[in-house]
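# Structure assessment
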Amino acid sequence: ISTTKKGARNAAVQAAFAQFLENPPPIVNEKRKKIAPEKKKRNKKRPQPGEEGYVERPPFVPPPATEFPDMIAELSWKIFDEILADVPEMFRARRNVVAIVKVEGEAVIDNCEVVALGSGTLCMFMDKMDGSGELVEDLTGDSLALRGFRSYLIGQIKKHAEGAEDSIFCKSGNSLQVKEGITFILYSNSSPMGDCRVVPKEGPKEGFKSRKQGLLPVNEEELGKIRLFRTDKRFGSSESCFTSLASFLHCIPSPSDKLGMRQICGVQGSLLSGILEPIFISRHIVNRSFNEASLQRALYDRFKDVAVPEGFQLPPAPILTHTLWRGTFGTPPCIPWGVIWALDQSMELLHTPTGKRLMDWEGIVPPEVPEDKLGVSSYATKSLFSAILETCRKHKMACEETYSAQKTADTLY
């Protein structure tokens, strides 16, 4: 045995190696795993009002409104909440609330009055649409607000015919026109679906951060041509941007297309165009997904060069304003219901899959809705036509006597 330190170390190494050969340790072949925090499982489909698992949020308290656009938004939501005060939560469509506001005189909130309101995000399935005029086929908030506005206009025509001084109309030749100093504002808590929500892939993208905001970058040649196409099997076709121009497109124009065409032809619609001079929206106030360049292009620029009859002047471009005032916390879910209302008229809940009015919500268990609880809406096109015809006959006013002639009247513009 070595007596030196080096020799002792060598002897210890040899002894340990001999022990290793006789009793080798077990072989362990494990890869090192990274320790990551456990991911929380998220429910992709949030339960809707009336469904199992739905949890109602605490009441949302909106911020104070200090600027005029914010006050218009606040006023619109105030009316929305008032007309739905007695309606169960599961029927309150809040995702896309649109209001038309009358301004009489200077643009201050004391001179403003909400005259029509619509709320909804969906339309009927194409195979359920029949074009009869007895169904409300497009239940997007923009379309419903326009329907409600036409019902309001019919009421104002009746007032004028009866000699009421508070009617918004005065005589203009063989037709009626809005009195001087009265204008209309359209408020929407979300930019109109369709072309208003797209931005060019190249160039400035003011207001655009991600697709979750509702704005979608597209190729230059697709601007002005965006339609809607996405099917929700639960209760109707959900309105959404769809950019494949060669693919099948939805048979109903997008809200962007409707509002753009009405910015040129007038929001009075075909049923009233033979009685009224064109009525235009002078200002759009938008909350979510606001992009001024997209709104300007979609609502006016792409239509301003259209050929019009001699003597007909195009209206000026509408003022486009962004408001940060919100009436809800976050973005509410899509539900199979629409809300429509007009001043001096009743509020109606509309069932998206059928395009009919809900007559009674007692005992309704979603998604089933018994047929005997549904009926024809008083805001359906044929119902509005009947109201116009009754007024014209009663007060001996000239108007088209057939539904088909009234429906195509605005092709004159």
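Residues numbered from 1 in each chain as written. Predicted model: local features only at pLDDT ≥ 70, side-chain atom pairs only at ≥ 80, totals over all residues. Heavy atoms only, no water.

### A closer look at the nonpolar core
To keep it simple, the criterion reads: Buried Ala, Val, Leu, Ile, Met, Phe, Trp, Tyr and Cys residues form a nonpolar core when they are joined through side-chain atoms within 4.5 Å. Relative accessibility thresholds used throughout: buried, under 20% of the residue-type maximum; exposed, over 50%; partly exposed, between the two (1.4 Å probe, protein chains only). We call two residues contacting when some pair of their heavy atoms lies within 4.5 Å.
Core analysis: the biggest nonpolar cluster contains 87 residues, and Ile100, Phe149 and Phe184 have the highest contact counts within it. With sequence-adjacent residues up to four places away left out, Phe149 is seen in contact with Ile100, Val115, Ala116, Phe184, Val267 and Ile279.

### Section: the sheet that holds strand β19 (residues 374-375)
The strands making up a sheet are joined through hydrogen bonds of the backbone, oriented either antiparallel or parallel. Heads up, the condition is: Strands are labelled as partners when DSSP assigns at least two bridges between them. Secondary structure elements follow DSSP: runs of H or I of four or more residues count as helices, runs of E of two or more count as strands, with numbering from the N terminus. All axes here are fitted lines through C-alpha atoms, helices being fitted over the stretch that makes contact, and every angle between N-to-C directions spans 0 to 180 degrees.
Spatially, β15-β14-β7-β1-β2-β16-β17-β18-β19 is the arrangement adopted by the 9 strands of the open sheet, whose pairing is mixed. Of all the strands in the sheet, the pair left with one neighbour each is β15 (319-322) and β19. The strands touched by helix α3 (residues 141-161) are β1 (97-104), β2 (112-119), β7 (182-190), β16 (337-342) and β17 (348-351); relative to β2, the strand with the most contacts, the crossing angle is about 130 degrees.

### A word on the packing of aromatic side chains
Selection rule: Any Phe, Tyr or Trp ring, taking Trp's six-membered ring, that has another such ring centre within 6.5 Å forms a pair; planes under 30 degrees apart are called stacked, those over 60 apart edge-to-face, and the others tilted.
Tallied over the entire structure, the rule returns 5 aromatic pairs. Ring pairing ties together the aromatic residues Phe91, Trp337 and Trp361, which thus form one cluster.

### Comments concerning unusual backbone geometry
A positive phi angle is found at Ser289, which is not glycine, with a value near 60 degrees. By secondary structure assignment, the location of Ser289 is in the loop between β14 (283-288) and α6 (292-301). Residues other than glycine seldom take positive phi values, yet Lys396 does so here, at roughly 55 degrees. Relative to the elements of secondary structure, Lys396 occurs in the loop between α7 (381-394) and α8 (403-407).

### Observations concerning the pattern of salt bridges
Formally: Throughout this description, the term salt bridge denotes a Lys or Arg side-chain nitrogen within 4 Å of a carboxyl oxygen of Asp or Glu.
For the structure on display, the rule yields 11 salt bridges. For Asp138, the salt bridge identified is with Lys258, shortest N-O distance 2.8 Å. Placement of Asp138 in strand β4 (residues 138-140) and of Lys258 in helix α4 (residues 255-265) is noted, with a sequence separation of 120 residues between them. The partner of Lys373 in a salt bridge is Asp360, with the nearest N and O atoms 3.3 Å apart. Taken together, the residues span a long stretch of sequence, with Lys373 in the loop between β18 (356-358) and β19 and Asp360 in the loop between β18 and β19 at a distance of 13 residues. Judged by its relative accessible area of 33%, Asp360 is partly exposed.

### Concerning the side chain of His284
In this structure, His284 sits in strand β14. Residue classification places His284 among the buried positions, given a relative accessible area of 3%. In this structure His284 touches Leu186, Gln263, Leu299, Pro318, Ile319, Leu320 and Thr321, once residues within four positions along its chain are discounted.

### A closer look at the side chain of Arg92
What counts, and what does not: Counted as positive: Lys and Arg. Counted as negative: Asp and Glu, with His and the chain ends omitted from the count. Contacts described as polar in this section are N or O atom pairs within 3.5 Å, which, within protein, must combine one atom able to donate a hydrogen with one able to accept it, while residues neighboring in sequence count only if both atoms come from side chains.
Its place among the elements puts Arg92 in the loop between α2 (68-83) and β1. One buried charged residue, Arg92, remains without a salt bridge, the closest side chain of opposite sign being Glu89 at 4.2 Å. Here Ala85 takes part through its backbone oxygen, which lies 3.3 Å from a polar atom of the side chain of Arg92. Of note is the side chain of Arg92, whose polar atom sits 2.9 Å from the backbone oxygen of Val87.

### A few points about the packing of α3 against α4
Spelled out, the test is: Following the grouping adopted for this structure description, the nonpolar residues are Ala, Val, Leu, Ile, Met, Phe, Trp, Tyr, Cys and Pro, the charged ones are Asp, Glu, Lys and Arg, and the polar ones are all others, Gly among them.
With their axes 9 Å apart at the nearest point, α3 and α4 run at an angle of 40 degrees to one another. Counted together, Asp142, Ser143, Leu146 and Arg150 of α3 and Pro255, Lys258, Leu259 and Arg262 of α4 form the full contact between these two elements. Here the residues of the contact of α3 with α4 are counted per class, giving 3 nonpolar, 1 polar and 4 charged.

### Describing α4
Burial runs high along α4: 9 of the 11 residues are buried. Within the span of α4, buried status applies to Pro255, Ser256, Asp257, Leu259, Gly260, Arg262, Gln263, Ile264 and Cys265. Positive backbone phi, at 105 degrees, marks Gly266, one or two positions downstream of α4.

### Considerations on the pairing of β7
With 8 of 9 residues buried, β7 is to be regarded as a mostly interior element. Where β1 lies against β7, 7 bridges are found, and the strand directions are antiparallel. By the bridge assignment, Ala99 is partnered in β7 with Tyr187. As judged from the 5 bridges shared by β7 and β14, these two strands associate in the parallel manner. Residue Leu186 lies in a different strand from β14, and its bridge partner there is His284.

### Considerations on α3
Given 3.6 residues to a turn, an α-helix orients residues that are three or four positions apart in the same direction. Our working rule: Here the expected span of a helix is defined as 1.5 Å times the quantity of residues minus one.
With 21 residues, α3 should reach 30 Å at 1.5 Å per residue; the first-to-last C-alpha distance of 30 Å fits that figure. Extensive coverage of α3 is indicated by the burial of 16 of its 21 residues. Remark: Gly163 follows α3 within two positions and exhibits a positive phi of approximately 85 degrees.

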